[in-house]
Amino acid sequence: MLFPPALRQLMQQLERLPGVGARSAQRLALYLIRRPEEETRRLAESLILARERTRLCQRCFFLSEAELCELCSDPSRESEVICVVADPRDVVALERLEQYRGLYHVLHGLISPAEGVQPEDLRLRELVERVRAETPREVILATPANVEGDATALYIARLLKSMGVRVTRIAYGMPVGGELDYADAATLGYALSGRQEM
Amino acid sequence: MQLHALRLSGFRNYTRAHIEPSPRVNILLGENAQGKTNLLEAIYYLSAFRPLRPVREADLIQWGAQEMRLTAQYETDGLTDELQIRLHAQGKRVITLNEQPVARPSALVGRLSVVCFTANDLTLIRGEPADRRRFLDTEISLLSPRYAHAVAHYRRALEQRNNLLRAYLEGAASLESLPEWNAQLVKYGARLFQARRQFLERLNTLAETTHRALTRRAESLQLQYQPGLPVRAPLPEKEEDWADALMSALHQSAGEELRRATTLYGPHRDDFQILVQGYEARLFASQGQQRTCALSLRLSEVALVESIRHAPPIVLLDDVFSDLDPARRQSLVAYLTPRTQTFITCTDLSAFDEATLRDAAQFEVREGTVSRHA
């Protein structure tokens, strides 16, 4: 039951990671110390390297190693369209589509008083300044379809509309190949209100 | 709506069980704590995808078992479906319909339609407004996935808004995002108001009839919706009108709300009055009258589900039958038996008359086993 101190400390550190409970922490720690020393060293180095090198792009606040991220420094991207997302992972998901050619703006969260997140805790002032400076043709809001995502989108729309920029929100709804019969009512509702002219 | 077969494994105190119920009355007979209510719980879970009693989902799994599995074969609109729910001890849940995995279970909630009468129903009459709101939410959610979605989102919007008001009072936040939280609250709040009004209106019409039948025409029963709004009758007709009414209530009470740091109007302040002979049943009805009111409410719900689904729901009577006087028992059985598949738990058969016993299927429940009586 009582593991030696250094191992115990490792377990405690691992347990603090999101999604890792006491049992997984034990399993991971025991696995790690049984691997070749070289492998452990590489893992530790990657941890420190990733921490040291990664910062936020000064334009869109996506993750980057340089002042500007790869997307912002790519001249072939359309700079007059900005897609606003809550999380860096949303950028990756959208990029996987290979369809969107504009730029992004990462908020790093959603307005959520219950979690103590107010508008000023997000990269919103930066968004407003950016829109003022870059005068984009369109700002696309791609926050999630939940209470916080909706409220954040409404808030941004209110901020930006007075600046005369076109603000749109991505449509939510039916999965491709989905049958109406099995779609839940909420999804169907979103799909219906986001319908398009044919 | 008819349940042809029910199979359980690793569920509560059942290692393995299988019953093929009768299309009419099914009596589940056994001592206390043998597993009668667990059978009703299994049927309810297959309908609502959540437990009947306030327990954690993991507690549905038999002590020491890795997973529980419920399988129901039931007939709806002349078609037979097989619905299976597997719940793993780690929390993973897999639902299949006719052996096809179901990606969005919320679309299937209430497909197996069930109305459950419990001894706890008396709290509808005697309890707090919160008990009646819980009744509205549970029952309307079984009829409308859109309502269930709105309930969850309304709660979240309310929590966010109250947190913002509190943070403002403590000087920790500005009210800059308040208009957006108002918009969310009003959007989902209006849906709840409208759906509750409709539900109670229909239930009221039906309750009048069922209550007269149950009391042999002696008493009248009325339900009156009291929305958490400063509005007088007539109540708004459309969802947009409810939205306008709630928005203006929020604006009018803004000062008071900021002082108290809480949302003063909205469906979370709803209630409905239950009137017997024009008097409030909570205050003026006898214990026996209150019991009959609760029964009338559930029976009206049976009629309401039937009118919406075009087939009577499965009726579960958990420990309520033996508490009724013989006349009410008779009216209840007479009301249900012609078309409704019913499951009744009891500890002895003395409450049943001969005719009911002759037509009913009897199951003996003992220590997590169930066997049909010849």
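Procedures and definitions
Residues numbered from 1 in each chain as written. Chains lettered and ligands numbered in written order. Predicted model: local features only at pLDDT ≥ 70, side-chain atom pairs only at ≥ 80, totals over all residues. Pairing = 2+ DSSP bridges. Helix = DSSP H or I, 4+ residues; strand = E, 2+ residues; numbered from the N terminus. Axes fitted to C-alpha atoms, helices over the stretch in contact; angles between N-to-C directions. Contact = placed C-beta atoms within 7 Å. Nonpolar A, V, L, I, M, F, W, Y, C, P; charged D, E, K, R; others polar. Expected span 1.5 Å × (residues − 1). Domains from an automatic or database assignment. Buried ≥ 20, exposed ≤ 12 C-beta atoms within 10 Å, placed from the backbone. Right-handed = clockwise from strand over helix to strand, strands pointing away. Core = buried A, V, L, I, M, F, W, Y, C linked by C-beta atoms within 7 Å. Parallel < 35°, antiparallel > 145°, perpendicular 65-115°, else oblique. Left-handed = near helix turned anticlockwise from the far one by under 90°.

Novice: Please clarify how the sheet that holds strand 13 (residues 342-346) of chain B should be interpreted in this entry.
Specialist: What holds strands together in a sheet is hydrogen bonding between their backbones, with the strands either parallel or antiparallel. All names here are of chain B. Across the sheet, which stays open at both edges, the six strands sit in the order 8-12-13-3-14-15 with mixed pairing between neighbours. Edge strands, defined here as strands with exactly one partner in the open sheet, are strand 8 (114-118) and strand 15 (369-372). The sheet shows a mean angle of 20° between the axes of neighbouring strands, direction not considered. Strand direction decides the pairing type here: strand 12 (residues 314-318) and strand 13, joined by three bridges, are parallel. Residue pairing for strand 13: Leu-317 is matched across the bridge by Ile-344. On the sheet, helix 1 (residues 36-48) packs against strand 3 (25-29), strand 8, strand 12, strand 13, strand 14 (361-366) and strand 15 and is oriented at approximately 145° with respect to strand 12.

Novice: Could you clarify how one ought to interpret the interface of chain B and chain A in this entry?
Specialist: It is common to report an interface's size as the accessible area lost on association of the parts. If you look at the interface, chain B gives 21 residues, while chain A gives 17 residues. A total of eleven residues in the side of chain B that touches chain A trace back to one element, the largest contributor, which is helix 4 (residues 145-169) of chain B. The class makeup of the residues in the side of chain B that touches chain A is eight nonpolar, seven polar and six charged.

Novice: Mind showing me how you'd approach helix 9 (residues 287-309) of chain B here?
Specialist: In an α-helix, one full turn covers 3.6 residues, which means residues spaced three or four apart are oriented alike. When the terminal C-alpha atoms of helix 9 of chain B are compared, their 33 Å separation across 23 residues agrees well with the 33 Å that a helix rising 1.5 Å per residue should span. In the segment just after helix 9 of chain B, His310(B) is the residue with positive phi, at about 60°.

Novice: Is there a simple way to think about the domain arrangement of chain A in this case?
Specialist: Split by domain assignment, chain A resolves into domain 1 (5-53) and domain 2 (75-193). Relative placement of domain 1 of chain A and domain 2 of chain A: their C-alpha centres are 35 Å apart.

Novice: Mind showing me how you'd approach the pairing of strand 13 of chain B here?
Specialist: Successive side chains on a regular strand alternate, one facing one side of the sheet and the next facing the other. Residues and elements named next belong to chain B. In terms of burial, strand 13 is largely enclosed, as four of its five residues are buried. Across five bridges, the pairing between strand 3 and strand 13 is parallel. Within the sheet, the bridge partner assigned to Leu-29 lies in strand 13 and is Cys-346. After leaving strand 12, the chain enters helix 10 (residues 326-336) and then returns to the sheet as strand 13, a path that is right-handed.

Novice: What exactly am I supposed to notice about the sheet that holds strand 7 (residues 100-101) of chain B here?
Specialist: Residues and elements named next belong to chain B. One open sheet holds the six strands; their spatial order is 2-1-4-5-6-7, and the pairing between them is antiparallel. Whereas interior strands pair on both sides, the edge strands pair on one side only; in this sheet they are strand 2 (14-19) and strand 7. Where strand 4 (residues 67-76) meets strand 5 (residues 79-88), ten bridges bridge the pair, whose relative direction is antiparallel. By the bridge assignment, Leu-70 is partnered in strand 5 with Ile-85. Sheet strands in contact with helix 1 are strand 1 (2-11), strand 2, strand 4 and strand 5, and its direction is about 110° off that of strand 1.

Novice: When you look at the nonpolar core in this model, what are you seeing that I'm missing?
Specialist: Note that soluble globular proteins tend to have their nonpolar side chains buried in a common cluster. The biggest cluster of nonpolar side chains holds 131 residues, and the ones touching the most others in it are Val84(A), Ile43(B), Leu246(B) and Leu316(B). The element that contributes the greatest number of residues to this core is helix 5 (residues 178-214) of chain B, accounting for 15 residues. The contacts of Val84(A), once residues within four sequence positions are left out, are His105(A), Leu107(A), Leu127(A), Val139(A), Ile140(A), Leu141(A), Ala142(A) and Ile156(A).

Novice: Explanation requested: the packing of helix 5 of chain B against helix 9 of chain B in the structure shown.
Specialist: The packing of two helices is summarised by the inter-axis angle and the distance between the axes. Residues and elements named next belong to chain B. At a minimum axis distance of 8 Å, the contact between helix 5 and helix 9 shows a crossing angle of 125°. By the angle between their directions, the pair helix 5 and helix 9 is classed as oblique. Relative to helix 9, the crossing made by helix 5 is right-handed. Facing Arg-202, Leu-203, Leu-206, Ala-207, Thr-210, His-211 and Leu-214 of helix 5, the residues of helix 9 in contact are Thr-292, Leu-295, Ser-296, Leu-297, Leu-299, Ser-300, Glu-301, Ala-303 and Leu-304. Partitioning the contact of helix 5 with helix 9 into residue classes produces nine nonpolar, five polar and two charged.

Novice: In this structure, what is going on with the pairing of strand 6 (residues 93-97) of chain B? I would like to understand it.
Specialist: All names here are of chain B. In this structure, strand 5 lies alongside strand 6, joined through five bridges in antiparallel fashion. Looking at the pairing, Leu-87 lines up with Arg-93 of strand 6. Hairpin connection from strand 5 to strand 6: four residues lie between these consecutive antiparallel strands, with Gly-91 at a positive phi of about 105°. Here strand 6 runs beside strand 7; their pairing, made up of two bridges, is antiparallel. In the strand pairing of strand 7, Leu-97 is matched with Gln-100.

Novice: Would you mind going over the environment of Ala153(A) with me for this structure?
Specialist: All names here are of chain A. Mapped onto the elements, Ala-153 comes out in helix 6 (residues 147-161). Overall, the presence of 23 C-beta atoms within 10 Å leaves Ala-153 in the buried class. Residues Ala-153 and Ala-114 lie 39 residues apart in sequence; the distance between their C-alpha atoms is 17 Å. With near-sequence residues (within four places) excluded, Ala-153 lies in contact with Leu-141, Thr-143 and Arg-169.

Novice: Just checking my understanding: could you explain the packing of helix 1 (residues 5-15) of chain A against helix 2 (residues 22-34) of chain A for this structure?
Specialist: All names here are of chain A. One can describe the packing of helix 1 onto helix 2 by two numbers: an axis separation of 8 Å at closest approach and a directional angle of 130°. Classified by the angle between their axes, helix 1 and helix 2 sit oblique to one another. Judged by the sense of rotation from one axis to the other, the crossing of helix 1 with helix 2 is right-handed. Listed contacts from helix 2 to Leu-7, Leu-10, Met-11, Leu-14 and Glu-15 of helix 1 are Ala-22, Ala-25, Gln-26, Leu-28, Ala-29 and Ile-33. Tallied by class, the residues present in the contact of helix 1 with helix 2 amount to nine nonpolar, one polar and one charged.

Novice: Looking at this structure, I do not really get the environment of Ala58(B). What am I missing?
Specialist: Along the polypeptide, Ala58(B) turns up in the loop between helix 1 and strand 4. Other than its neighbours up to four places away in sequence, Ala58(B) contacts Ala89(B) and Gly91(B).

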